[in-house]
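# Secondary and tertiary structure notes
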Amino acid sequence: EVGALPLLVALLHAGTKQGKANAAMAIAERANDESTGELILEAGVLPPLVALLRAGTKQGKESAARAIGMLANDESTCALIVEAGALPPLVGLLRAGTQEGKMNAAMTIAELANDESTRAFITEVGALPLLVALLHAGTKQGKANAAMAIAERANDESTGELILEAGVLPPLVALLRAGTKQGKESAAR
């Protein structure tokens, strides 16, 4: 319900650690509905979500990454998310997060890579080698999300060689052989 947004934003700003994580999860669920994404952004969720992504608990970071990823479903919001400073902590989550955190970070980066204007930033912050590492050692969904992020990044012709140099082919072939349906579809892209 949209009427709860101001309360959720307030909880993100001043709640307990668990309260912040729960608020981020609730925002992710609401952002799943494309019609509410703009309203959620207008409520001012990005700064506290990015703060939670930087300095929250493990669950808080996982939930913040998921919420930001759901908001990034709309290409028009991708630049706003990058401008809010979400990419560096997403890369940090890929580097040192839980498996769920890595999975959510990869999904969010895949969504951000849908927007041509954000693709260069994804490479600049060092996401590519971490996505390849997730392809090697992530969960099934983490591997699928990493493959999707790499595929979206590959839409930019200037990075094709860089992606190949990162060693992406062996784990993509392995994903094609033994991945989930979504993993195979992402690897084939």
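Details of the structure are given in the entry above.
Presented here is an overview of the structure given in this document. (Residues numbered from 1 in each chain as written. Predicted model: local features only at pLDDT ≥ 70, side-chain atom pairs only at ≥ 80, totals over all residues. Heavy atoms only, no water.)

### Some remarks on the nonpolar core
Definition in use: Think of a nonpolar core as a cluster: buried Ala, Val, Leu, Ile, Met, Phe, Trp, Tyr and Cys residues, connected wherever their side-chain atoms sit within 4.5 Å. Relative accessibility under 20% of the residue-type maximum defines a buried residue, over 50% an exposed one, and the middle range a partly exposed one, all with a 1.4 Å probe and only protein chains included. What counts as a helix is a DSSP run of H or I of at least four residues, what counts as a strand is a run of E of at least two, and both are numbered from the N terminus. Whether two residues touch is decided by their heavy atoms; if any such pair falls within 4.5 Å, the residues are in contact.
With 58 residues, the main nonpolar core has Leu 49, Leu 90, Leu 94, Ile 109, Leu 112 and Leu 131 as its most contacted residues. At seven residues, the largest contribution of residues to this core is made by helix 10 (residues 127–137). Not counting chain neighbours up to four residues away, the residues in contact with Leu 131 comprise Leu 94, Ala 106, Ile 109, Ala 146, Ala 149 and Ile 150.

### Description of the environment of Ala 174
Along the polypeptide, Ala 174 turns up in helix 13 (residues 169–178). For Ala 174, a relative accessible area of 41% corresponds to the partly exposed category. Between the C-alpha atoms of Ala 174 and Leu 130, which are 44 residues apart in sequence, the distance is 17 Å.

### Some words on the pattern of salt bridges
Oppositely charged side chains are able to pair whenever their charged atoms sit close together. Stated formally: Take a side-chain nitrogen of Lys or Arg and a carboxyl oxygen of Asp or Glu: if they are within 4 Å of each other, that pair is a salt bridge.
Under the criterion given, the structure shown has two salt bridges. In this structure, Glu 29 and Arg 66 form a salt bridge, with 2.8 Å as the shortest nitrogen-oxygen distance. On the criterion of sequence distance, the pair formed by Glu 29 in helix 2 (residues 17–31) and Arg 66 in helix 5 (residues 58–71) is long-range, its members being 37 residues apart. Two residues, Glu 152 and Arg 189, come together in a salt bridge whose shortest N-O distance is 2.6 Å. Pair noted here: Glu 152 is in helix 11 (residues 140–153) and Arg 189 is in the segment after helix 14 (181–188), with a separation of 37 residues, a long-range link. Glu 152 gets classed as buried once you look at its relative accessible area, which sits at 8%.

Nothing here speaks to function; it is geometry throughout.
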